[in-house]
Amino acid sequence: MGKITISTLDEMKRAGEKIAVITSYDASFTRQIEKAGMDVILVGDSLGNVVQGHESTLPVTVGDIVYHTANVMRVSERCLVIADMPFMSHGTPKQALDTAGRLMKEGGAHMVKIEGGAPQLETVRHLAARAVPVCGHLGLMPQSIHQLGGYRVQGRGEHEGERILKDAVGLQQAGAQMLVLECIPALLAEEITRAVDIPVIGIGAGKDVDGQVLVLYDMLGITMHDTLSFVRDFLAEEGSVQGALRAYVDAVRAQAFPAEEHTFK
Ligand code: KIV
């Protein structure tokens, strides 16, 4: 099988084939993930929680993401690898370009991910015009946790839903080539997925999106918090890391995950 590129993912969206995405932060798990047939790896700033033990993603630095992306890239063979732009690393288009430069040149990432809608459009335009592939991130944005006042489902009110939809279309127009939707009602996620041509990857966003992403440690059941309602513990079901990863890829492809019980209304 050839390397996964953004063209592969566009083609999968057009063909209705679901895209399997997982986070990874090191070489050993990345080898397992590649072997399981995953499409995309996200070096998420969730590493602040699951690797570093922080309460939030806010303390994660650009250097941290560069380090973990390089760990992943050293052994990754086929997956498209996305690196997160951490909190306070993309405040202006110039700062974002400097950060993206480090994530791609030093870390080796193929794409960068930025949380935010309307306030990020100028930055996304700036990056896209300079050959930086960008993935947007809307809905629950963990870097805005203190503004949001907690980890809660977003987009439930009519106006909030309309704003997220508008942001998604705006991000595509600004040049974003992929989009993550986190913890929003399934119907809203479906509407957004139909409204844009770029692949839409959901986490707690129902099954009618183009693909799914989970935090690796969550689907292996080794996080410190109680199991989140939108997560399935694949390791408990399968008994081995490789079995869990393969079962996740299969469940995403077959739209068996997420099920009703992992979905917000
Ligand atoms: O940092 C991360 O792992 C993420 C996913 C939850 C989408 O942004």
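Data block above holds the structure.
Residues numbered from 1 in each chain as written. Predicted model: local features only at pLDDT ≥ 70, side-chain atom pairs only at ≥ 80, totals over all residues. Heavy atoms only, no water.

1. A closer look at the overall build of the chain
Turning to step 1, where the next piece is worked out: A tally of regular secondary structure across the chain gives 12 helices and 8 strands.
Turning to step 2, where the next piece is worked out: Expected size for 265 residues packed as a compact globule is a radius of gyration near 18 Å; at 17 Å, the chain falls within 12% of this value.
Turning to step 3, where the next piece is worked out: Principal-axis analysis of the C-alpha atoms gives the chain an extent of 45 × 40 × 40 Å.
Turning to step 4, where the next piece is worked out: Put simply, of all contacts in the chain between residues at least 6 apart along the chain, 63% involve residues at least 24 apart.
Turning to step 5, where the next piece is worked out: For the chain, the computed accessible surface area is about 11400 Å², with 53% contributed by carbon and sulfur atoms.
Turning to step 6, where the next piece is worked out: Measuring between centres, the 24 positive side-chain charges of the chain sit 5 Å from its 33 negative side-chain charges. (Helix = DSSP H or I, 4+ residues; strand = E, 2+ residues; numbered from the N terminus. Rg over C-alpha atoms; globule rule 2.2 N^0.38 Å. Contact = heavy atoms within 4.5 Å. Areas by Shrake-Rupley, 256 points an atom, 1.4 Å probe, with all protein chains shown as cover. Lys, Arg positive; Asp, Glu negative; His and termini not counted. Charge placed at Lys NZ, Arg CZ, Asp CG, Glu CD.)

2. Let's talk about unusual backbone geometry
Glycine aside, residues mostly have negative phi angles, and peptide bonds mostly take the trans form.
Turning to step 1, where the next piece is worked out: Along the chain, Phe-257 connects to Pro-258 via a cis peptide bond; the corresponding omega equals 0 degrees.
Turning to step 2, where the next piece is worked out: Non-glycine residue Met-88 carries a positive phi angle of around 65 degrees.
Turning to step 3, where the next piece is worked out: In the Ramachandran plot, Gln-255 falls in the positive-phi region, its phi being about 55 degrees despite a non-glycine side chain.
Turning to step 4, where the next piece is worked out: Tracing the backbone through its elements, the reader meets Gln-255 in the segment after α12 (241–253).

3. As for the site of the ligand
Turning to step 1, where the next piece is worked out: Lining the immediate environment of the ligand, one finds Thr-23, Leu-42, Gly-44, Asp-45, Ser-46, Asp-84, Lys-113, His-137, Val-180, Glu-182, Ile-203 and Val-215.
Turning to step 2, where the next piece is worked out: Here an oxygen atom of the ligand sits 3.0 Å away from a polar atom, N or O, in the side chain of Asp-45.
Turning to step 3, where the next piece is worked out: Here Ser-46 contributes a side-chain N or O atom positioned 2.6 Å from an oxygen atom of the ligand.
Turning to step 4, where the next piece is worked out: Alone, the ligand offers 260 Å² of accessible surface; in the complex the protein occludes 96% of this.
Turning to step 5, where the next piece is worked out: Residue composition of the shell around the ligand, by class: 4 nonpolar, 4 polar and 4 charged. (Near = heavy atom within 4 Å. Polar contact = N/O pair within 3.5 Å; in protein donor to acceptor, adjacent residues only side chain to side chain. Nonpolar A, V, L, I, M, F, W, Y, C, P; charged D, E, K, R; others polar.)

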